[in-house]
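# Residue-level structural notes
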Amino acid sequence: PDSLIPPLLLFAVGGVAAAWAYRVVNTADAMIGYRAGELEYLGKAAARLDDALNWVPARLGGWAIVAGAAIAGGSARGAWRALRRDGGRTASPNAGRTMAAMAGALGVTLTKPGHYTLGEGMAPDSATIGRACRVAAAALAVVIVLALPLLQVLR
């Protein structure tokens, strides 16, 4: 979710400067977040700031996937159940939200051995890709439809 929803929300609230600042923090997290060595403290700061900036968008993204599942023929009930049950099972406070919702929407299990298991069902196969794309497109449409009035109010 951190490539699309947070920059849109921050753009709506603070314009181009806020969206740009978010991308700087997100890129810093990707490059040096939680690393050891001489950049350890800078990396921890970048990672924690990125976690904080993504807290709301990750949850909105999970909810958007639930709505997208309802629109695109996935399981909205499964998405909601997996989001609530499994969304917090990853090391990141945010990453599991959208992954769990999508796993539930598709009725599959997403696993990183030794780290987490999200959803329930069989492992994804090639047929899952098309269904996932439809749910993701519907979720994006939900975000856009809901963001447009927000942009009008805040501008």
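Residues numbered from 1 in each chain as written. Predicted model: local features only at pLDDT ≥ 70, side-chain atom pairs only at ≥ 80, totals over all residues. Heavy atoms only, no water.

## Quick notes on the overall build of the protein chain
Heads up, the condition is: The secondary structure listing takes helices from DSSP runs of H or I that are at least 4 residues long and strands from runs of E that are at least 2 residues long, numbered from the N terminus. Categorising residues by exposure relies on relative accessible area from a 1.4 Å probe, with only protein chains included: less than 20% of the type maximum marks a residue as buried, more than 50% marks it as exposed, and the intermediate range marks it as partly exposed. Contacts are assigned to residue pairs with any non-hydrogen atoms lying within 4.5 Å of each other. With residues, only the protein chains shown are counted as cover, and all accessible areas are computed by Shrake-Rupley using a 1.4 Å probe. Residues scored as positive are Lys and Arg, those scored as negative are Asp and Glu, and His as well as the terminal groups of each chain are ignored. A single reference atom marks each charge: NZ on Lys, CZ on Arg, CG on Asp, CD on Glu.
Helices and strands together make up the secondary structure of the protein chain, namely five helices and two strands. Beginning at the N terminus, the succession of helices and strands in the protein chain can be written as α-α-α-α-β-β-α. Dimensions of the protein chain, computed from the C-alpha atoms along their principal axes, are close to 45 × 45 × 25 Å. Residues counted as buried form 37% of the 155 residues belonging to the protein chain. Here the contacts in the protein chain between residues at least 6 apart in sequence split such that 53% fall between residues at least 24 apart. When the accessible area of the protein chain is evaluated, it comes to approximately 8,900 Å², of which 67% is carbon and sulfur surface. Across the protein chain, 15 positive and 9 negative side-chain charges occur, with their mean positions spaced 9 Å apart.

## Quick look at the packing of aromatic side chains
Each aromatic ring pair is specified by the distance between its two centres and by the angle formed by the two planes. Operational definition: Working definition: a ring pair exists when centres of Phe, Tyr or Trp rings (six-membered ring for Trp) sit within 6.5 Å. Plane angles under 30 degrees give stacked, over 60 give edge-to-face, the rest tilted. We call a charge positioned above a ring when the Lys NZ or Arg CZ atom is no farther than 6 Å from the ring centre and deviates by at most 35 degrees from the ring normal.
Evaluated as defined, the whole model comprises zero aromatic pairs. Positioned above the aromatic ring of W55, the side-chain terminus of R59 is 3.9 Å from the ring centre.

## Observations concerning the nonpolar core
In plain terms, the rule: Buried residues of nine kinds, namely Ala, Val, Leu, Ile, Met, Phe, Trp, Tyr and Cys, make up a nonpolar core once their side-chain atoms join them within 4.5 Å.
In this structure, I65, A69, A79, M102, A105, L106 and V135 are the most contacted members of the largest nonpolar core, which totals 17 residues. Those elements giving two or more residues to this core turn out to be α2 (40–72), α3 (76–86), α4 (95–106) and α5 (126–154). Counting residues per element, this core draws most heavily on α4, at five residues. Excluding residues that lie within four positions of it along the chain, L106 makes contacts with T128, R131, A132 and V135.

## Comments concerning helix α1 (residues 5–32)
Here is the rule we go by: Take the number of residues in a helix, subtract one, and multiply by 1.5 Å to get its expected span. The bend reported for a residue corresponds to the angle between axes fitted to the seven residues ending at that residue and the seven starting there.
Over its 28 residues, α1 runs only 22 Å from end to end, short of the ideal 40 Å by more than 12%, given 1.5 Å per residue. The largest bend in α1 comes to about 140°, at G14. Restricting attention to buried positions, one finds in α1 the residues I5, P6, P7, A12, G15, A19, Y22, V25, N26 and I32.

## Quick look at the pairing of strand β2 (residues 116–119)
What counts, and what does not: In short, DSSP must find at least two bridges between two strands for them to pair.
Bridge analysis of strand β1 (residues 109–112) against β2 gives four bridges, and the strand direction is antiparallel. By the bridge assignment for β2, L110 is matched with L118. Connecting β1 to the antiparallel partner β2 that follows it, the hairpin turn spans three residues, and G114 within it adopts a positive phi of roughly 80°.

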